[in-house]
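The chain contents come next:
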Amino acid sequence: MKKKQTKKPKAPKTEKRSRFDKFAFRARQNASSIYFLLWAIFGALSLVIVLVSGFSQQMVLAQSYREQAARELLDKGQKIEREISREPPDWAGGNYSGYIRMLAQNHDVDIRILDEEGTLLFPREHNFDPSAPEVEEILDFSEEIEMLFENLEGKAYTMYETNNEFVYGAKVELLPNANTYLYVTQSLKFLETVSARMNVRMMLVSVFLFVLSFVVTSAVAGWFTTPITEMTQKAHQLAQGNFDVDFHGGNYSKEMVELAEALNYARDELSKTDRMQKELIANVSHDFKTPLTMIKGYASMIMEISGDIPEKRNKHAQVIVDEADRLTSLVNDVLDLSKIGSGIETFKEEEVDMSAYVYEILDRFAYLHETKGYTFVTEIEEGLRTVADEGKIGQVLYNLIGNAVNYTGEDNRVYVSLKKISEDVFRFSVRDTGKGIKPEELSGIWERYYRSKDNHKRPVQGTGLGLSIVKRILERHRFHYGVESKVGEGSIFYVDFPIKTLDK
Ligand code: ADP
């Protein structure tokens, strides 16, 4: 029976968590969005500015208030001193305490007359008569008088600051038989009021700046994020194969405009590659089809007709072999290009005697001299060495010479040279006498899948991939290369090799 107590499914919990995850993810994304970052930066910056300027202002103002209060108290103290010296106490019933209180009120300070013990003489509830036997009211200012003595030290008057007030003190001659001291104070409490008021003002300014930074950020972030969001959407469309998208970087930021330009460039390149890839598939399938048809045709011929006639059979079998070779080289080219292009292939570093190597490659074309009357005019300096991947460089030379053979003129001449052009560089060049390449086509010929529309005699089989393989190999080697061509006169393809040996 226990088995029946199955647990409730946990589905709702997972849903909750995933909803929370989504929320957290969105929060993280929002927190890293330009909008939020800008706002946080603006907000923090304005807060720092308000605080720094507020505090420094407060310090400067408090200081100047303090200095002004000190100056005023000095002034008041001296005036009060003069006034009470002019009006000595009237012991016969005059209200001297009242007089002192009035002075204090007029000058907005506290005034006390103390004796040397620190006893408060004036102002008091009752007029003080030192000869009276009973003193009803004794107020003790002994600590204050001590401090006054310390500051006075033989001077006529003094000014100083205690914890919470400014003090003006002076010795005054008021009573015939006693030393009397004027003790005037001004409370510093008003400074607290001043700073409290400034704090309120600072808070108001902070709130205002916060709101302002929010508004400014909204506008500024809009300038930046709108083009970015648009570009992101368009990049998605581009990724889905829409090459008609046009990226705009807005009008506010140079970087954004550059990003848009880069994306437009990427779009152009992608669409070019896409177009060429489609063309390649068409080309390659066409190129595959021709030899395959031939192979099938000649194989059927051997089966049905020439099988018993050795001479004819051999001829037909040779066609099959040649066509199979064509297919092989086509497949090899496609493979090479994809391997070099994807960067998976490592290039060797070998010392190559290029002078000997050029002859070796030329030997592969020797049959063209005998069968089709081609002439190879060579001018090759001896002993020129470089460091490179020999096999790959062989492919470069073979492709360039093969093209010259394919595209040279009626004279069937191809000029091959290998010459030192500076202290540490030698140049391989191959020249033909053909139609040349139109200036507008010059940059295109190095592209993958580029193939001239012209129909050429092609003694050397081409796939339209040769020059892009050459380009990639030379770029991986970081060798300088190029082409010079004049329409109607022919073309020169060249490669510059560094003079180098392995021990150098
Ligand atoms: P292909 O197999 O078509 O020769 P390449 O990549 O070797 O492919 O060359 C690309 C294109 O460059 C050729 O289709 C041709 O239009 C042009 N080209 C290459 N070499 C020459 C040359 N020596 N003279 C004129 N055009 C050339």
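Residues numbered from 1 in each chain as written. Predicted model: local features only at pLDDT ≥ 70, side-chain atom pairs only at ≥ 80, totals over all residues. Heavy atoms only, no water.

*Asks:* What exactly am I supposed to notice about the packing of aromatic side chains here?
*Replies:* Scanning all chains against the criterion turns up 10 aromatic pairs. For the pair Tyr-96 and Tyr-99, a centre-to-centre distance of 5.5 Å together with 50° between the ring planes defines the contact as tilted. Of the two residues, Tyr-96 and Tyr-99 are both situated in helix H3 (residues 96-107); the distance of 3 residues between them amounts to about one turn of the helix. Counting every residue linked through ring pairs, the aromatic cluster contains Tyr-96, Tyr-99 and Phe-122. Between the NZ or CZ atom of Arg-427 and the centre of the ring of Tyr-494, over which it lies, the distance is 3.9 Å. Seen from the ring of Phe-347, Arg-476 lies directly overhead, with NZ or CZ sitting 4.4 Å from the centre. (Phe/Tyr/Trp six-rings, centres within 6.5 Å; stacked < 30°, edge-to-face > 60°. Helix = DSSP H or I, 4+ residues; strand = E, 2+ residues; numbered from the N terminus. Lys NZ or Arg CZ within 6 Å of the ring centre and 35° of its normal.)

*Asks:* Help me understand the packing of helix H2 (residues 34-86) against helix H5 (residues 189-239) in this model?
*Replies:* How two helices pack is summed up by the angle between their axes together with the distance between the axes. At a minimum axis distance of 8 Å, the contact between H2 and H5 shows a crossing angle of 160°. Taken together, the axes of H2 and H5 are roughly antiparallel relative to one another. H2 and H5 meet at a crossing whose hand is right-handed. Of the residues in the contact of H2 with H5, the class split is 27 nonpolar, 12 polar and 1 charged. (Axes fitted to C-alpha atoms, helices over the stretch in contact; angles between N-to-C directions. Parallel < 35°, antiparallel > 145°, perpendicular 65-115°, else oblique. Left-handed = near helix turned anticlockwise from the far one by under 90°. Nonpolar A, V, L, I, M, F, W, Y, C, P; charged D, E, K, R; others polar.)

*Asks:* I'm lost on a nonpolar patch on the surface in this one. Help?
*Replies:* There is a patch of nonpolar side chains on the surface, built from Tyr-35, Leu-47, Leu-51, Phe-55, Val-207, Phe-210, Val-211, Phe-214 and Val-215 and spanning about 770 Å² of accessible area. Secondary-structure elements contributing two or more residues to the nonpolar patch are H2 and H5. If one sorts the elements of the nonpolar patch by residue count, H5 sits on top with 5 residues. Among the secondary structure elements, Leu-47 is positioned in helix H2. Judged by its relative accessible area of 34%, Leu-47 is partly exposed. (Patch = residues over 30% accessible without salt bridge, like charges linked within 9 Å, V, L, I, M, F, W, Y side chains within 5 Å. Areas by Shrake-Rupley, 256 points an atom, 1.4 Å probe, with all protein chains shown as cover. Salt bridge = Lys/Arg side-chain N within 4 Å of Asp/Glu carboxyl O. Buried < 20%, exposed > 50% of the residue type's maximum accessible area, 1.4 Å probe, protein only.)

*Asks:* Explain the sheet that holds strand E1 (residues 110-115) here, please?
*Replies:* Backbone-to-backbone hydrogen bonds pair the strands of a sheet. The strands run either parallel or antiparallel. Pairing is antiparallel in the open sheet, where 5 strands are placed in the order E2-E1-E5-E4-E3. Among the strands making up the open sheet, the edge pair consists of strand E2 (120-122) and strand E3 (157-161). For this sheet, the mean angle separating the axes of adjacent strands, direction not counted, is 30°. Where E1 meets E2, 2 bridges bridge the pair, whose relative direction is antiparallel. Directly across from Ile-113, in E2, lies its bridge partner Phe-122. The strands that helix H4 (residues 142-152) touches are E1, E3, strand E4 (165-172) and strand E5 (180-187); relative to E3, the one it contacts most, it runs at about 115°. (Pairing = 2+ DSSP bridges. Contact = heavy atoms within 4.5 Å.)

*Asks:* Teacher, can you tell me more about the nonpolar core here?
*Replies:* Burial of nonpolar side chains together is a common tendency in soluble globular proteins. With 47 residues, the main nonpolar core has Met-354, Leu-400, Ile-401, Phe-428, Val-430 and Phe-493 as its most contacted residues. For this core, the element with the highest residue contribution is helix H10 (residues 390-407), accounting for 7 residues. Dropping the residues within four chain positions of it, Leu-400 is found in contact with Phe-428, Val-430, Leu-467, Val-470, Phe-493 and Val-495. (Core = buried A, V, L, I, M, F, W, Y, C linked by side-chain atoms within 4.5 Å.)

*Asks:* What am I meant to see in the pairing of E3 here?
*Replies:* For a regular strand, the rule is simple: side chains alternate between the two faces of the sheet. Burial along E3 is one-sided: the residues Thr-158 and Tyr-160 are buried and none of Tyr-157, Met-159 and Glu-161 is. Of the strand pairs in this sheet, E3 and E4 are connected by 5 bridges, and their pairing is antiparallel. Counterpart to Tyr-160 in the pairing with E4 is Val-167. Linking E3 to E4, which pair antiparallel, is a turn of 3 residues.

*Asks:* Got a minute to help me understand the sheet that holds strand E12 (residues 490-498) in this structure?
*Replies:* The mixed open sheet is built from 5 strands, whose spatial order is E7-E9-E10-E12-E11. The outermost strands of the open sheet, each flanked by one partner alone, are strand E7 (375-380) and strand E11 (480-486). Taken over all neighbouring pairs, the strand axes of this sheet differ in orientation by 15° on average, direction set aside. With 7 bridges joining them, strand E10 (residues 425-432) and E12 adopt antiparallel strand pairing. Residue Val-425 lies in a different strand from E12, and its bridge partner there is Pro-498. Sheet strands touched by helix H8 (residues 354-363): E7, strand E9 (413-422), E10 and E12. Its angle to E7, the strand with the most contacts, is close to 175°. Against the sheet, H10 makes contact with E7, E9, E10 and E12, and its axis sits at roughly 30° relative to E10, the strand it touches most.

*Asks:* So what exactly am I meant to see when it comes to the packing of H8 against H10 here?
*Replies:* Packing of H8 against H10 brings their axes to within 10 Å, and their N-to-C directions diverge by 50°. As judged from the angle between their axes, H8 and H10 are oblique. For the pair H8 and H10, the crossing hand works out as right-handed. On H10, the residues touching Met-354, Tyr-357, Val-358, Ile-361 and Leu-362 of H8 are Glu-390, Gly-391, Ile-393, Gly-394, Leu-397, Tyr-398 and Ile-401. Class assignment for the residues of the contact of H8 with H10 results in 9 nonpolar, 2 polar and 1 charged.

*Asks:* Help me out: how do you make sense of the pattern of salt bridges in this one?
*Replies:* Any two side chains of opposite charge can pair if their charged atoms end up close together. Summed over the entire model, instances satisfying the criterion amount to 10 salt bridges. Note that Glu-258 is salt-bridged to Lys-254, the shortest N-O span being 3.8 Å. Placement of the pair is Glu-258 and Lys-254 together in helix H6 (residues 254-304), with a separation of 4 residues, close to one helical turn. Given the relative accessible area of 58%, Lys-254 is considered exposed. When the shortest N-O distance is used, the salt bridge between Lys-278 and Asp-274 registers 2.8 Å. Here Lys-278 pairs with Asp-274, and both are found in helix H6, just 4 residues apart, close to one helical turn.

*Asks:* Just checking my understanding: could you explain the environment of Leu-47 for this structure?
*Replies:* Distance in space between the C-alpha atoms of Leu-47 and Val-207 is 9.0 Å, their sequence separation being 160 residues. Not counting residues within four places of it along the chain, the set of residues in contact with Leu-47 comprises Ser-206 and Phe-210.

*Asks:* How should I be thinking about the side chain of Asn-399 in this particular structure?
*Replies:* Tracing the chain through its elements places Asn-399 in helix H10. Residues within four places of Asn-399 in sequence aside, it is in contact with Gly-466 and Val-470.

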